Structure formats: structure tokens, C-alpha cells
Amino acid sequence: MRRNGRRANQWAVAWRRFRKNKSGIIGGAIVLFFIIIAIVGPYLAPYPPRSYAPLYQGDAGQPPSLKHPFGVEESGIDVFSEVIDGTRNDLYVGLAASLLTTLIGIAIGAFAGYFEGLVSEVLLALTQIFFVFPALLLILLFARVFSILVFKGLGLTLIVLILSFFGWSGVSFIVRGETLRVKQMEFVQAARSLGAGSMRILFRHIVPNILSPVIVIATLGIAGFILTEVAVSFLGFGDANTPTWGLLLNEGFPYIRTEWWVSLFPGLAVVLCVLGFNLMGDGLSDALNPRLRE
Amino acid sequence: MIGKLLEVSNLRTYFYTEAGVVKAVDGMSLDVGKSETVGLVGESGSGKSVTAQSVLRIVPPPGRIVEGSIKFQGADILQKSEEEMRMLRGSKISVIFQDPSSSLNPVYTVERQLTDIITLHQHVSKREAIQTAQSLLTRVGISEPEKRLRAYPHELSGGMKQRVAIARALSCEPSLLLADEPTTSLDVTIQAQVLELLKELQAEYEMSMVMITHDMGIVADLTRRVTVAYAGKVMEVADTRSVFTDPKHPYTEALLKAVPSIRRTRALEVIPGNIPNLIEPPSGCVFHPRCKYAKEICSREVPGLEVVDGGHYVACHLWRELRLEGRVN
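I will try to describe carefully the structure that is included in this document. For clarity, every value in this text was computed on a predicted model and none was experimentally measured.

## Regarding the overall build of chain A
And step 1. From N to C terminus, chain A includes 13 helices and zero strands.
And step 2. Counted from the first residue to the last, chain A has its helices and strands arranged as α-α-α-α-α-α-α-α-α-α-α-α-α.
And step 3. In terms of principal-axis extent, the alpha carbons of chain A reach across some 75 × 55 × 30 Å.
And step 4. Within chain A, contacts between residues separated by at least 24 positions form 72% of all contacts whose residues are at least 6 apart in sequence.

Next up, the structure:
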């Protein structure tokens, strides 16, 4: 299993397999592109977020031009700047919500799978309840209620928290299933018979062995959360003070017959970004679980 | 019974499944003296591994130790707290499993597998643990230990993996080693090497060893005393020589006949039938449905463990009348 003297660490093996996967690499490149945009965004965008400056320059409602590559909204907001700022904000929502749901899902799923009896029954029931919730409706409701009542000024972080609160059950199911499988393996019994305690067995022996499917589902989850955020903002339940692709779609929708550029460019960004994460997730899935391909 | 390191008596470990209560271990007894190697022999499903799990108190649910006592160094293991058990496992009592490719964690290097348990039981620095790990690898006959420390289990051969597992089991110099079919999954040539290594280490560390196996050849090679188990019960206990030359239980005789012989040319005899259903074991002697000597009493009464002579016990109604065939070689 060793080539050119390199160690055959499982991640190294997976990386070698991933590199051979064309669509996975393309997805990875798209993701990398968006990440770079998100990082250098503030230096790239001609106008600050939510700036009406072009209005005073008489450019409101202008179609794409050299000065405004993606055109200008009726209200005078530069679409190019907003799409760039939206990249940063949407990636933040996608990455943060996916990270948070993965952590919650691992914790709950691992305990539900490892322990027997009441604890696991309760955690499983909890996971199932959250799994069957009509999540989008509840997210909209929570987003509206909380943004008015409690967490004013929390902005996108509120959306992240709500998305995570309703989004961890998928990870939890997978982690529980994998934990049930891995805990039967002999090395777990070996660890136990050599004096390891429950927490040590669970988090140092079992969880590291189930990370591959979790990484895949977390990557696909990023795409899912970005889409959900777009939906929430498009329906007007997001944070109106922070530029996101969904907010642009929302603002462009009334003018879609005349000022198509306001909707087209953020829409393309969503499609491309989600496509990138999905391709990358599929590539990772093939690289980490090559047996699943057959 | 002075000087016994491990005394298991009348152990019953049952599994409460939905299909019924599986009596995996049903009245097992086993004594292990200091620095002694004892064999625990039987077919698959005879309760050997569950006995080992019971000694470590790691019987997986729905299994439970229902009755009996397990004394280790004079103290009752069944009375200890989980915390005390954890201190015992891996440091005083250690295990080697059958399949080294599954008993090593695939995501960690050999170094991590070894130092993990060393630092768990001993207050040593990371560097000292690595040094111990390295000398352990040398001791179990692995060449280039510095290089092997950085290897992952899948990069090692089966024999080498089992050597790593042995090193891991011995890392805290246990006084009792439970070897659960340690060579079953290895090639024959590697088997001999690993057995030889275990024999050497047993003498060197002056530890006691329970060799769990179904292979009478291993029994002859390594052990001084043997317990023959069937369906979770003790059939015969004797020193190894007597078991081979003068077996008193029909099951022991049948096991001996199922081993191929080099010197004698005769057909291998298989034991007819399968191990019985442990939810509803046969009435009377559990072996009677497969026993060619069985009489009416065998299906009616459970035979007790009777003394043949000093140190030789048998659970059979008919042992006085039967003339069983042993093996000389």
C-alpha cells in the first residue's frame, strides 16, 4: 500500500483517490474559487455592503456595463458588490451551520448508538422527532419570531443557529448507525478489555473510525444549508441588513421582467456554489468509501 | 488451593435475548496457578470466549453474569466497581484476540496503539512510553521497530499484527494473559512462531496464561493443565498428559480423534451433530445427544464433576465403565 516511500495513512490514500476523480476535482476547484472570493471579497467589491451610492451617480436600474458588471438594482445597489458580499455571508451560513450540525449530530448520534437502554431510546426518539419536522416552515417561523423578539442584531448568526437547531438529525442518524456497526468490531472490545473507559472508547476509538461518512454528509450539508438560507432570504424571512444571494433574489423578483440582471447573477452564484459543494461531496464519498461505487 | 491466581467457580453467564435465555456459560469452573499455562478447550460456542469476557467483566449486553464467583489474586472480581475493573484490565489481566486485523484500531499507528495503553495505566511521559513501545516491539520479534511504530495496521502482515497485539497486551506486564484463539487466523508457519513467542514470553514475564483454543495440538504444546468445556459446562479437568493418554470423558476422546495424526494412519473421526441449542439445552448430560456411549441415565440426570484422582475431574455418569482411547504421540 505504499508508493514512492509515502505513508499509506488513510487520508493520504483518500486524497490520491480523490485526485483521480474529475468531477470531484472540478467541484473542489469551484469551492476553492468561492472561498477565495469570500476571503478577498471586501477588497474586490467596488461598493460597501448595502450601499446606495450608484443612485446618486444616476446609475439606478442600469443594465450590466463595465462600471457595473452585474448591473444595478432599481434602488441603486450595485449587484456585483452584493454578489461578492453575499458569497462571504452565504459561505458563512453554510459552513457554520454544517459544522454546528455535525458536532451536535456526532454527539447525539454517538451516544444514541453506543449506550443501550433509556438514554439511547430518548436520543433516538429526539432524532426522529427532529427528522420529521416540517423544517422549512419552522425555520421561517423561528426566523421571524426571534429576529423581532429576542435576538435583534444577531443577523446571520441567528439564521445559523436556527438552521442548526433543525438540521442535525440527518448527521445524527448516520453517526448512530455507524456507531452501532463499529462498536461491534473487535478493536472496540480490545480497547475495553485493555482498560479504556466508555468516553475514551467512544470518542477516541469509535468516532475517528466513522469520520469518512460524516465528512461526506457535512460537505453535502454545506450546499443544503446555503440553499435553505437562500430560500429563507428569498421569502423575506432573512436578515435584510446583510447582503445574501437570497436577499438579492428577493429584491430582484418584482423587477424580473425588466431588470433580469438583479436575479440572474445571484441565481447563477447559488447554482454554481451548490453544484461545487455537491460535486466535491460526491468525490469525497467515492474517495473515502470506494466500495460504495459498485 | 493456595497460590491460585485466578479461581472461577460455578460461573453462569446468560444472554437475555428476545428468543430466550442463552446459557452461554452454565456452571464453568477454572483454576489458574501462578506462572501456569492452562488450556480451555472446546468447539465454537462452548462458552470459552464468554468465560474470558466474564473474567474481565466485559460481557456485552444482553449478556449478564448470573451466578458464580471469579477470584483474582484472592479478591472477588464480581464485587469490584467498574473503576477498579478498568484499572485491572490491560494492566493486571490482559487479552489477545483471535483476529489481529480487527483487534487493532485501523485509524491509529502502531505507536499510538501501544502508547495509548501504556499512558493509560502508568504515569510516564510520552517519550518514555514511546521507548517502552519500541523495546516491546523488539521483544516480540519485530525488526526495525522505529519504522514499524509509524506504520498503520493495514501495512503489516497478519503475523506482525498479532505480534503488535501481543506487545500491546504485555505492555503493562500483566500477571494473567487470556489468549483467545490467538493463532486461529494465522498461517500455520506463523502460528508456530507466535506460539513459540508466547511460550517464551510466558516464562520470561512469569505470568499465568489461559490458552483458549479448539486445537488439541496447541494444548499439547503449551499447557500443563486443561479444562475441556462443552455447551458452557466443564466436561473434564486434568493435567495435559492425562487428557491425552487417559481421557475420561467421551467428548474429550472425540476431540482427540478429530485431530489428524502423522504417525497413525486412520480416518479422522468427526463428532456427529452440532453444539446444542443453548436456550433449551438437552436434558441430563448436555453431550448425550452426540455421545456414542450414551445410556438412559445420561438423558435423565445431570452428571456432577467427580474426582478421578488428584487433579483429574470428569463430569460423566459412565466414566468408571468406559475404556476410552487416548493418544500416545
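## Concerning unusual backbone geometry
Excluding glycine, residues mostly carry a negative phi; peptide bonds, for their part, are mostly trans.
Residue and element names in this part refer to chain B.
And step 1. Cis peptide bonds are those with omega within 30 degrees of zero, and the linkage from Pro61 to Pro62 qualifies with 5°.
And step 2. Tracing the backbone shows Pro62 in the loop between α1 (48-56) and β4 (63-72).
And step 3. With a phi angle near 50°, Ser35 is a residue other than glycine that sits in the positive phi range.
And step 4. Note on placement: Ser35 falls in the loop between β2 (20-33) and β3 (37-41).
And step 5. Positive phi values are uncommon outside glycine, yet Ala231 reaches one of about 50°.

## With respect to the interface of chain A and chain B
And step 1. Contacts between the two partners involve 21 residues from chain A and, on the opposite side, 26 residues from chain B.
And step 2. No other element matches helix α9 (residues 186-193) of chain A, which puts six residues into the side of chain A that touches chain B.

## A closer look at the environment of Lys34 of chain B
Residues and elements named next belong to chain B.
And step 1. Relative to the assigned elements, Lys34 resides in the loop between β2 and β3.
And step 2. Judged by the 14 C-beta atoms lying within 10 Å of it, Lys34 is partly exposed.
And step 3. Through-space distance from the C-alpha of Lys34 to that of Leu176 is 8.6 Å; in sequence the pair is 142 residues apart.
And step 4. Once residues lying within four places of it in the same chain are set aside, the contact partners of Lys34 are Gly3, Leu5 and Ser208.

## Here we look at the sheet that holds β4 of chain B
Residue and element names in this part refer to chain B.
And step 1. Strand order across the open sheet formed by four strands is β2-β1-β4-β5, with antiparallel pairing between neighbours. Among the strands making up the open sheet, the edge pair consists of β2 and β5 (75-76).
And step 2. Judged from the ten bridges that link them, strand β1 (residues 4-17) and β2 form a sheet pairing that is antiparallel. Counted as the bridge partner of Arg12 is Asp26 from β2.
And step 3. Strand contacts of α1: β1, β2 and β4, with the helix running at about 110° to β1, the strand carrying the most contacts.

Reading the values: the criteria
Residues numbered from 1 in each chain as written. Chains lettered and ligands numbered in written order. Predicted model: local features only at pLDDT ≥ 70, side-chain atom pairs only at ≥ 80, totals over all residues. Helix = DSSP H or I, 4+ residues; strand = E, 2+ residues; numbered from the N terminus. Contact = placed C-beta atoms within 7 Å. Buried ≥ 20, exposed ≤ 12 C-beta atoms within 10 Å, placed from the backbone. Pairing = 2+ DSSP bridges. Axes fitted to C-alpha atoms, helices over the stretch in contact; angles between N-to-C directions.

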